[in-house]
Amino acid sequence: MSERESRAPEHEQSTRLGDLFENLPAPSPQVPTAGDDTPAPGSRRAAREAAAREQEAPPAPDAGVAPAADVPARPVSASAATTAETPGNDHRSAVPGADAEPVATRAMPVAATSADETPAPGPRRSTGTEDPAPALGGGLDEIFAAQDDGRDHGAPTKKKRRKGCLVALIIVLVILGGIAAGGVWVANTFGDRIADAMGWGEPKDWEPGQATGEVYVTIKQGDTGGPVSTALYEAGVTKTEDVFYDYLIDENIAVTFYPGVYRLQKKMTAEDALAALRNEENKLENTVSMPEGGTIESALPSMAETLGMPLADLEAAVADPSAYGVEAQSLEGWLFPAVYTFDPEVTATQVIQRMVDRTRESLASAGVPDEDAQRILTIASIIQREGRTDDFAKVSRVIQNRLDDDMLLQMDSTAQYGYGSLHEGVVSSSAEALEDPNEWNTYVNKGLPATPIASPNDAAIDAAMHPADGPWIYFVTVNLETGETQFSETLAEHEQGVEKWRDWCRANPDAGC
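Calculation notes
Residues numbered from 1 in each chain as written. Predicted model: local features only at pLDDT ≥ 70, side-chain atom pairs only at ≥ 80, totals over all residues. Heavy atoms only, no water. UniProt positions renumbered as here; feature names shortened; annotations may be inferred. Helix = DSSP H or I, 4+ residues; strand = E, 2+ residues; numbered from the N terminus. Buried < 20%, exposed > 50% of the residue type's maximum accessible area, 1.4 Å probe, protein only. Contact = heavy atoms within 4.5 Å. Areas by Shrake-Rupley, 256 points an atom, 1.4 Å probe, with all protein chains shown as cover. Core = buried A, V, L, I, M, F, W, Y, C linked by side-chain atoms within 4.5 Å. Salt bridge = Lys/Arg side-chain N within 4 Å of Asp/Glu carboxyl O.

- In the nomenclature of an unreviewed UniProt entry, the chain corresponds to Endolytic murein transglycosylase from the organism Microbacterium paraoxydans.
- Of the chain, the UniProt comment under Function (unreviewed entry) reads exactly: "Functions as a peptidoglycan terminase that cleaves nascent peptidoglycan strands endolytically to terminate their elongation."
- What the UniProt record of the chain gives under Sequence similarities (unreviewed entry) is the line "Belongs to the transglycosylase MltG family."

## As for the overall build of the chain
Reasoning step 1: In terms of regular secondary structure, the chain is built from 17 helices and seven strands.
Reasoning step 2: Looking at the chain residue by residue over its 513 residues, the buried ones come to 31%.
Reasoning step 3: Restricting to contacts in the chain with at least 6 residues of sequence separation, those with at least 24 account for 63%.
Reasoning step 4: For the chain, the accessible area works out to roughly 32,000 Å², and carbon and sulfur atoms hold 52% of it.

## Description of the nonpolar core
Reasoning step 1: Judged by nonpolar contacts, the single largest core of 52 residues is most densely connected at L331 and I383.
Reasoning step 2: Those elements giving two or more residues to this core turn out to be α9 (296-307), α10 (311-317), α11 (348-365), α12 (373-386), α13 (392-404) and α16 (458-465).
Reasoning step 3: Broken down by element, the residue count for this core peaks at seven residues, all from α12.
Reasoning step 4: The contacts of L331, once residues within four sequence positions are left out, are I296, V318, P321, Y324, V326, I352 and V356.
Reasoning step 5: L248, F257, M268 and L277 belong to the second largest nonpolar core, which has 19 residues in total.

## Some details on the pattern of salt bridges
Reasoning step 1: Throughout the structure, instances matching the rule amount to eight salt bridges.
Reasoning step 2: The closest approach of N and O atoms between D458 and R358, which form a salt bridge, is 3.2 Å. Separated by 100 residues along the polypeptide, D458 in helix α16 and R358 in helix α11 bring together distant segments of the chain.
Reasoning step 3: A relative accessible area of 23% places R358 in the partly exposed class.
Reasoning step 4: The closest approach of N and O atoms between K446 and D406, which form a salt bridge, is 3.4 Å.

What follows is the structure, given as structure tokens:
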């Protein structure tokens, strides 16, 4: 093919350009405004409009009427018909000859009107809600209309995305809740062990340098690390009950404990306490202790062991109360609770006499007459066994109120003493102990028991002599750990207190209830 033949004819290029311009969007209709749009006289626009009016003007119906050549034509919308002036409309209608094609002043896309839609009279205003018709020939309007047609194409995708995020959030919260619940369970179950292992918990031992005061600790024959550790804690030497024993185990210390009474201090470290027990200067030779609330039967064996004398000698020494000027069937309650030091040559009778004399000193200090000593000691011994020091005076008042009302005392400590079961504690007793008809059982016999039931201290003797003022008839310890006691005037109140004690026992089944 020759170059001339292969070259595209020039008229084809013109044709393509023509097609392109034909496919461009129709010019936008111009909405008439109230402003004056009259072209300037002598301008090209004025000439064009005048020529157009001459060509389009219809024949005059009357020769005497001239055509409205002087009225300038205003551009109207492509879809608008000739309209009359409408009340309330600021725009004026076009002159006759509305079929004439309007003159475009700007090339702007317009929305084509459907063939069967009749436009309303008057100038057309855009509402912004019309659906634009696609431009002929696939012009630019079609491209942009496809990209943004005014509808929210992304809405369904956003809804799905929000729903997915909500589900994910719920799953995360469930997982976090499970982790939190597991953490609480682990903390409640193994918190103390974890704290001890990590060193986060409260120290079990005192800090060095806090030791103060003076206390006496009795070590019995055959005591090993466990009992000694408990004795140190009960005397206020160590901070916790097991810290001394744990120290021996952790440090792999083998030690032999010798019976006797040792002088130590309060708030000592486990290491310092061991050093003090090994120091012979702290062991008190021929020193014995009578515990508060203790009995002759429980105290004599350890006293004989510490003093290095036969138990039978001490038993013989207490057999005759009259030898010490005591008018009673036994010396129970007359051996004052304290720490005593004797010469190496001391006899059993001298030991007992020293304790009886100390009791008389306490009775005299409380203002107890000699003839009333046995009664006061009996009441004081019950107070010592039944209450804590802060409540001694109230317990004394309950005992006195019951005696005045000729009521049974119903003190568990007396029933236990007569039955030989002091280990049962002071809150509850076995049915056998409560029903046994011995002369100490105040559940069976009215009045005071036959003798004191324990060795009372100074505070208990003073409370027996000076009871508090109050109407109480009942009392019960509702918390065995703290010793909290409820005092009541009526039986109904007392039963509520008993229920509190039972609740505490149910919550602490291994606390000795």
